Structure formats: C-alpha cells, structure tokens
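# Residue-level structural notes
The residues making up each chain are set out below.
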Amino acid sequence: MMVCCFSFAKAQTSKPNILVILCDDLGYNDVGFNGSTDIITPELDKLAANGAIFSSAYVAHPFCGPSRAALMTGRYTQEIGTPYNLRDDGRDTRSGVPVKETFMSNMLQDAGYYTSAIGKWHLGDYPEFTPNKRGYDDFFGFLGGGHKYFPEKFQPYFEKQKQAGAYPINVYFTPLLHNDKEVKETEYITDAFSREAVRVIEESKVKKKPFFMYLAYNAPHVPLEAKEEDLKVFENIKDLDRRTYAAMVYSVDRGVGQIVKALKETKQFENTLIVFLSDNGGNFDHGANNYPLKGTKGDTFEGGFRVPMFMHMPNVIAAGTHFDHAVSALDLYPTFAYLAKTNLPKGKVVNGKNIWNDIKSNTSPHKDEMIYAWRYREGYSDVSARKEDWKIVRMGNEPWQLFNITKDIGEHKDLAGQFPDRVKEMVDETKLWSKKHITPLWFYSQADADYWASGRFPGFEDTFEIDKLRMSPKEYTEWTEKQKK
Ligand code: CA
C-alpha cells in the first residue's frame, strides 16, 4: 500500500500543473511589470518579477477569436479557416473551430490532466464546439465574444428579452454557464471567474491529478464596467474610460492574488507553471495604452499583437529573467506537450515549437524563423512578418515598411528604401506562407463574405506587388482610381 501511494504521489509531481491566465485586449503598457505608471498590478508584478518577463511575445492574430483559435490549436488561424470573429449578435451560425483541430486541452486531458476553462470562450457555441466537447472537464463562463460585467444588469435584460420571444439576443447578456447549465450569478463576473478558478484549484488537489486551467478573463475588454471599490483605487486618473479600464485590470489582479493564495494553501504553487498574457493588443479607443508600441488592437503594427506576458514557475524558471527574444503564443501548445511528457496528437500540425529549454537558457527559439500576423481587411490585408531584429509590415493598404524592431520598437524609422533586398526577401517568404491560407469557414459580416465571393479577396497578388506599393501616395491614388474604371 505504501509503495503504491508513494509512486502515485511521485508520478503526480512529475507533471506540472499548467495555468494559462489570458486577459482580453490588455495593452502592452497596462501592467506594472511592463512599466505602467498609473495602473497598479501588485499580484501580477510579484509573479512576473519571480519568473520570466517576455518583452517580445506575439499572439498569432491582432483580435480575439482568431487569436484564441490559434492559441488552442497551435496553428495560424488563416491555415485552419478561422481568421474572423464569430458574430456576437446571437444569431445561430453553427460555426466554430473545426473539431478535427485537436485543442491543447484534448492533448492534456489525454495526458492525465484535470482540465478546466473559465471565462470567455469565443470558439463556437454550437454544441459540438463548446468547451466540454473540446477537452475541458469543467467549464464556467460564457460562449460568446464578450459580456456585460454586472449580473444585476445583464440578467434582468436577458429574462425580459427571452420572455418577449426576442431573437437574436446579444451574447453579451446571456446567463453564465457551468458546463451546459445556466447559473444565476451574483458577483461581478471578473470576481466570479477568480472564485471559480479557486474552486477548481481546490477540486483538482482532491482529484490527485495535475491540472490544466485556461482562465480567460474578458477584462478589460469593453463594455468598460468596474466596481466602485476598484474605481476608488484610481481616483487620480482623470479620464473616465482610463480609470474604469484601470479598475478592471485591477480586479483581475485581485483575483490573481486569490488564486496564488489557493495554490499555496493546497501546496500546488511550486509545481504550477503560470503563463500570463493578453489575447491581443490594447484598444486605445477604450482606455488602453500600448506604449512604446505603435498601433492598436487589430493592427499589424506591434501594438496590435505584441502583448504583455510572463511565465512563473518557482525553482525552474529563474526569478528576474528578462526574455527579449521573440516568442509566439503558438509555441505554448508544443511547450505544454513537452511539460506534460506527452506526444503531440497523431497527425497534429503545429506552427510553433517547444521553447522550454530556450526559456531556461535565455536563448532565441526562433533563429531564422518568421513570426507572422495577417489580418484580412475589406479588400486588402494588413500583414506583419518578423525575423529576429527585422520586421516588415504592411498596414492600411500602404507600401511595405521595414523596421529594425529591436532598436526601433516604436516603428518610427522605415528602412525599406535603405534595404530593398531585405524587404523583397521577407515579402517573398511571407508570400510562400500565404499559400497555406485557406478560405475562411465563416465571416463576421456579409461585407467580408462578399469580398471573398467576388474573388477580389484576399488580394494576395496586390499584397505582394512591392513595386506598385512603393508608388508615391499620389501615384498610388491615381493607380487605384484607374483600377476602379
Ligand atoms: Ca481580445
């Protein structure tokens, strides 16, 4: 008996718990550990300081749904047909991330983990696409792309709409779910998600299994709604949007404090890898600050998809590590496979790589490898491709620009004219990658669908015509006018 129990305990500690804390639209400069001077995040800062802070962490897409699809599948979202958000007006679309793409949760569940998803889902709300069907033993949260924060406000509205037989009902108002059951929530939902995370941490200890938790706060995504107690902390911030946003980030930080306490009390803190990041850059129309990065959520400038990130694991990741090499959220899938001592699912394609040893030795995991971001706009594409110090970017149908992103993090000095060969080489490599894009499985709007149906989109050929794109603004306007005729 003793032998049995001892071996079991040993086997248990050999696989670390994995806790992913994802924020929604959190700006690069909106946490203390990345230099925020007005938003305080003491709990996050403590973890960051005792682990590794990643200054060049990229998500695979500059907005919500596609970024999450990439995180869960380890694949560029354009390669699996999920580059658009699911619509959030509540209409039944029957769409979701294809089930043939095995989620990291499936892999970890198969590797013996107790798996949970808490918070925002946004990967499909039709039954086959919901968290319990995608490798999560436990789910608490909402299935749509965003949500109101105060139950006393969203619940009565939803009930009224439902009784009136309204269709569709905007997903921001739907009841929270625990697995497939509607719950009558009473707390501010950021607090509810922290509470549920604590519950799952306690449960997983009893289950004697390592846990994988995907804690996806929708804070500080709009609507900007904060508790009075959190707003009071930021009375010095005059701008109301910024103050509310700050209070929302602070509510996440309070929650992280409770989670750390629960991990310590259940003696799981030492054996838990905590990964904190945002799903995309901050939206500067809604209180965020991406300084020193250029651009906002949705852009392929750095502000769109370079995110605040840290990893914490005591005695494994050295405290005080500053990791400045580029990493991608796509790397998490294979890295977690390594930590869980399991193989990638059979036939699984991933676009990232296991970066665990590079993190520990502070070496670049992506030498000579491109990290991409590509957003389909209406009739053209915003694109970014980074390799080590260099980054090409195309934004707003303007010509390609080139930056030394290590020296010029704010993308101020376009060096494309100075290094045309480098631009061409990087554009050509991006063009090769674009051939792997497939037609999207759904569209957020009819306009998007029409662009694709018309054959004018994604406009790959236009995207890669460097010479044409180097025209002066005047020449370019004349050229586009001519195309319309
Ligand atoms: Ca987002």
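The structure this text deals with has already been given above.
Residues numbered from 1 in each chain as written. Predicted model: local features only at pLDDT ≥ 70, side-chain atom pairs only at ≥ 80, totals over all residues. Heavy atoms only, no water.

Next up on the list: the overall build of the chain. Counting its secondary structure elements, the chain contains 16 helices and 15 strands. What you see for the chain is a C-alpha radius of gyration of 22 Å, in line with the 23 Å of a compact globule of 485 residues. The dimensions of the chain, computed from C-alpha atoms along their principal axes, are 75 × 60 × 50 Å. Each of the 485 residues in the chain was classed as buried or not, and the buried ones make up 59%. Sequence-distant contacts in the chain: of pairs separated by 6 or more residues, those separated by 24 or more amount to 71%. Here the chain has roughly 20,200 Å² of accessible surface; of this, 52% comes from carbon and sulfur atoms. Between the averaged position of the 62 positive side-chain charges in the chain and that of its 66 negative side-chain charges there is a distance of 3 Å. (Helix = DSSP H or I, 4+ residues; strand = E, 2+ residues; numbered from the N terminus. Rg over C-alpha atoms; globule rule 2.2 N^0.38 Å. Buried < 20%, exposed > 50% of the residue type's maximum accessible area, 1.4 Å probe, protein only. Contact = heavy atoms within 4.5 Å. Areas by Shrake-Rupley, 256 points an atom, 1.4 Å probe, with all protein chains shown as cover. Lys, Arg positive; Asp, Glu negative; His and termini not counted. Charge placed at Lys NZ, Arg CZ, Asp CG, Glu CD.)

Next up on the list: the sheet that holds strand β13 (residues 381-387). Within a sheet, each strand pairs with its neighbour through backbone hydrogen bonds, oriented either parallel or antiparallel. Ordered in space as β12-β13-β14-β15, the four strands form an open sheet in which the pairing is antiparallel. The open sheet has two edge strands with one neighbour each: β12 (371-376) and β15 (401-404). Going from strand to strand, the sheet's axes swing by 10° on average, the running direction of each strand aside. As defined by bridge partners, β12 adjoins β13 across six bridges and the pair is classed as antiparallel. Paired with Y372 across the bridge in β13 is A385. Against the sheet, helix α12 (residues 420-434) makes contact with β12, β13, β14 (390-394) and β15, and its axis sits at roughly 65° relative to β14, the strand it touches most. (Pairing = 2+ DSSP bridges. Axes fitted to C-alpha atoms, helices over the stretch in contact; angles between N-to-C directions.)

Tallied over the full model, the rule gives three cavities of 30 Å³ or more. Each pocket or cavity is described by its volume, and for the largest cavity that value is around 120 Å³. Its residues placed into classes, the lining of the largest cavity shows three nonpolar, seven polar and four charged. Together, G65, P66, A69, T82, Y84, N85, L86, V97, H122, L123 and W442 line the second largest cavity. Of the residues belonging to the lining of the second largest cavity, the class tally is seven nonpolar, four polar and no charged. (1 Å grid on protein atoms, 1.4 Å probe; cavity = no way out; pocket = protein on both sides within 12 Å on 5 of 7 lines; lining within 4 Å. Points joined across faces, edges and corners; volume = space filled by probe spheres on them. Nonpolar A, V, L, I, M, F, W, Y, C, P; charged D, E, K, R; others polar.)

Each donor-metal-donor angle in an ideal tetrahedron of four donors is 109.5 degrees, and each such angle in an ideal octahedron of six donors is either 90 or 180 degrees. Around the calcium ion, the protein supplies D24 (OD), D25 (OD), C64 (SG), D279 (OD), D279 (OD) and N280 (OD1) as donor atoms, at distances of 2.2 to 2.6 Å. Given six donor atoms and angles of 53 to 156° at the metal, the environment of the calcium ion is assigned as irregular. For the calcium ion, the donor residues sit on a single chain with the sequence spacing D-D-x38-C-x214-D-N. With D24 in the loop between β1 (17-23) and α2 (42-49) and N280 in the loop between β8 (272-278) and α9 (302-305), the pair connects residues that are 256 residues apart, well separated along the chain. (Donors = N, O, S within 2.8 Å, 3.2 Å for Na, K, Ca; no water. Tetrahedral: all angles 85-135°; square planar, octahedral: opposite > 155°, others 65-115°.)

Within the largest apolar cluster, 79 residues are counted, with the highest numbers of intra-cluster contacts made by F212, Y214, M311 and F336. Two domains each donate at least three residues to this core, and these are domain 1 (17-361) and domain 2 (377-484). When neighbours within four sequence positions are excluded, F336 is seen to be in contact with I18, V20, M104, M107, L108, F212, L273 and V275. Ranked by size, the runner-up nonpolar core spans 58 residues in total, among them I53, F140, I169 and A288. (Core = buried A, V, L, I, M, F, W, Y, C linked by side-chain atoms within 4.5 Å. Domains from an automatic or database assignment.)

Further remarks concern the pairing of strand β3 (residues 114-120). Most of β3 is tucked away, with seven of its seven residues classed as buried. With six bridges connecting them, β3 and strand β7 (residues 211-216) associate as parallel partners. From the neighbouring strand, A117 faces β7, where its bridge partner is Y214. Summarising the sheet, β3 and strand β4 (residues 138-142) pair through five bridges and their orientation is parallel. Within β4, the residue paired with S116 across the bridge is D138.

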